[in-house]
Amino acid sequence: MSRPKDPTKVLIFDTTLRDGEQSPGISLNASEKLEIAQQLARLGVDVIEAGFPIASPGDFEAVQTIAREVDGPIITGLSRTQTADIDAAYEAVKDSARPRIHTFISTSDIHIEHQLKTTREDVKGQARAAVAHARSLVEDVEFSPMDATRADIEFTAEVCQIAIDEGATTINIPDTVGYTMPHEFTAYLGQLLAFVPDLAEIVLSVHCHDDLGLAVANSFAGVLAGARQVECAINGIGERAGNASLEEIVMLLHTRSDDLNGLHCDVVTTELARSSRLVSRLTGYVVQPNKAIVGRNAFAHESGIHQDGVLKERTTYEIMDATTVGLEANSIVLGKHSGRHALQKALEDLGFQVSGQVLNQAFKRFKQVADKKKQVTAMDLEALVTDELRDEMGAYTLEWFDVEASSRRPPHAKVGVRTPDGQEVEGSFVGDGPIDAVFQAINAATQTDAKLREFRVEAVTGGQDALGEVSVVLELGGISASGQGMSTDIIEAAGRAYVRALSNAQRRVLSDEGDRQDGGDPLLSGTP
Ligand code: KIV
Ligand code: ZN
């Protein structure tokens, strides 16, 4: 892939499933990753970085499944410069209609001396060999000089030139530790373009972290300096303080298009709010209420003066329309008498293609909710289907529970849990409160000693009969993992969330044990 024909088009490269997934406590399973990737395709991103295939068999499978099943965007996998990494990335993405390999190595002396423990000459050699090997496998290769903004620019330019000579089609400049400032980044990229004129012939990309809260500002400075790809993540999730937030970059280009000489991207803005809700729901990372674009209050007006102004004319205090980002009124879509066909149609309108057994299960769940809730809204359905789709093979599921709660006796819970190998096991416990009793009963049933670290409950929509969504983070064998559950009954939602977190933690404990037995590489547990 060479530079896109339209010089004003900014490619949106989403790294929610790679850099984003490396945020502490996030542990998405394969079906959750696929669901996010399908939503990213609906959102119209240009590139999905689906994971780091060499990191674990689970990562590999998730990238491969996404490459096979998600149409539209380019699908890429990250790799270091080692041949085995590149081969794993290739095997994982090769079945996509548009495969890309993304390979990286640091060019800063701090990383070269202290982390890689090597020399600049060796870095040049590794970059050359990696890009050449990747190009022998696929046409579309991205190269990143990691920690570029703290590196010697002339050396970084030399490495970028090598990568271009070997056939890299995108050069991505990462501000790995979120250190640069917008004016500095503009100058840096200007100088780099002067040192490497060939950069103008391929796609220049930027990847900024938010350690100083400048990720979006720096990415935007990059675009003004000539970058035509921005790497970003939904809700800005990512290592440490995160990556540039995709929704902020997109809405900046959209809202200020008149002043940007045609710079634009092709993201479907009306899918932004939904993408944000899905990622928040599946990762357990809450979106702060005042978060730009997708926060609950991003379009709310509290002050009387502002409310008065907006009632008279929306644009007095609003620069964007909530409907543009998909935060439209939560229309009622179904009632308790709606049938299977109406549910299937409503789900189709929301972008979910469900049939057969999944539709039957979704319908059963919908009826349970509709009986209690009477009016089921689009947001309820979205939460319900996500909840229903997420259970995968090899995970614990909560089959039933009984809780006796009283203010005069300690609460007692009994639970039935389906184990990953299909058996039903039971446990009981007298806890401090009904939810604690259920969690401890699940520990007893599964013979685990998980410790609850965080517990949060939120309503999907307003109203007394709202669906409740519970998110828990627990710790098992030194690993923390999150899980979410949804129901009209908070105790049931909590139990579902807990068994999912337990499944995620166990999957990670097992994968870490496997790595240790293979003499695994600790560097694989995360990239910046
Ligand atoms: O922050 C970074 O440098 C990265 C690279 C792997 C692109 O994530
Ligand atoms: Zn990064």
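Given the structure is predicted, the values throughout are model-derived calculations rather than measurements.

Our next topic: the nonpolar core. Ranked by size, the top nonpolar core spans 86 residues in total, and within it Ile-12, Ile-48, Phe-143, Ile-171, Ile-173, Leu-246 and Leu-272 carry the most contacts. With residues near it in sequence (within four places) discarded, Leu-272 still touches Leu-43, Leu-246, Glu-247, Val-250, Met-251, Val-267, Ile-293, Val-294 and Val-325. The next biggest cluster of nonpolar side chains, apart from the first, holds 28 residues, and it includes Tyr-396, Leu-474, Ala-481 and Ile-491.

What follows concerns the domain arrangement of the protein. According to the domain assignment, the protein consists of domain 1 (11–283), domain 2 (332–390) and domain 3 (397–515). Taken over C-alpha atoms, the centre of domain 1 sits 36 Å from the centre of domain 2. If you look at the interface, domain 1 gives 10 residues, while domain 2 gives 9 residues. Together domain 1 and domain 2 conceal approximately 920 Å² of surface at their shared face, both sides included; 39% is due to carbon and sulfur atoms. Its largest share of buried area at the contact with domain 2, domain 1 owes to Glu-35, Arg-274 and Arg-281, together 53% of the area lost on that side. Here domain 1 is connected to domain 2 by 3 salt bridges. A salt bridge links Glu-382 to Arg-274; its shortest N-O distance comes to 3.9 Å. Contributing elements (two or more residues each) for the side of domain 1 that touches domain 2: α1 (30–43) and α10 (272–283). The dominant element in the side of domain 1 that touches domain 2, judged by the number of residues it contributes, is α10, at 5 residues. Looking at side-chain class alone, the side of domain 1 that touches domain 2 contains 2 nonpolar, 2 polar and 6 charged residues.

The tally for this structure, following the rule as stated, stands at 3 aromatic pairs. Arranged with centres 4.3 Å apart and planes meeting at 15°, the rings of Phe-439 and Tyr-498 form a pair that is stacked. Here the residue Phe-439 occupies a position in helix α15 (residues 434–446), and Tyr-498 occupies one in helix α16 (residues 490–517), the gap between them amounting to 59 residues. Under the relative-accessibility criterion, Phe-439 is labelled buried at 3%. A residue is classified by how much of its surface remains accessible, and Tyr-498, at 1% relative accessible area, is buried. Members of the aromatic cluster, connected to one another through ring pairs, are Phe-439, Phe-455 and Tyr-498. Sitting over the face of the ring of Phe-352, Arg-42 holds its NZ or CZ atom 5.7 Å from the ring centroid.

Glancing now at the pattern of salt bridges. Evaluated as defined, the whole model comprises 37 salt bridges. Between Glu-247 and Lys-291 there is a salt bridge, with the nearest N and O atoms lying 3.0 Å from each other. Residue Glu-247 is found in helix α9 (residues 246–255), and its partner Lys-291 is found in the loop between α10 and α11 (304–312); the two are separated by 44 residues along the sequence. For the residue pair Glu-247 and Lys-291, the accessibility class agrees, reading buried in each case. A salt bridge links Glu-318 to Arg-314, with the nearest nitrogen and oxygen atoms 3.2 Å apart. Salt bridges linked by common partners bring Glu-271, Arg-274, Arg-277, Arg-281, Glu-382 and Glu-469 together as one network.

Cut-off values and rules
Residues numbered from 1 in each chain as written. Chains lettered and ligands numbered in written order. Predicted model: local features only at pLDDT ≥ 70, side-chain atom pairs only at ≥ 80, totals over all residues. Heavy atoms only, no water. Core = buried A, V, L, I, M, F, W, Y, C linked by side-chain atoms within 4.5 Å. Buried < 20%, exposed > 50% of the residue type's maximum accessible area, 1.4 Å probe, protein only. Contact = heavy atoms within 4.5 Å. Domains from an automatic or database assignment. Buried area = accessible area lost by both parts, 1.4 Å probe. Salt bridge = Lys/Arg side-chain N within 4 Å of Asp/Glu carboxyl O. Helix = DSSP H or I, 4+ residues; strand = E, 2+ residues; numbered from the N terminus. Nonpolar A, V, L, I, M, F, W, Y, C, P; charged D, E, K, R; others polar. Phe/Tyr/Trp six-rings, centres within 6.5 Å; stacked < 30°, edge-to-face > 60°. Lys NZ or Arg CZ within 6 Å of the ring centre and 35° of its normal.

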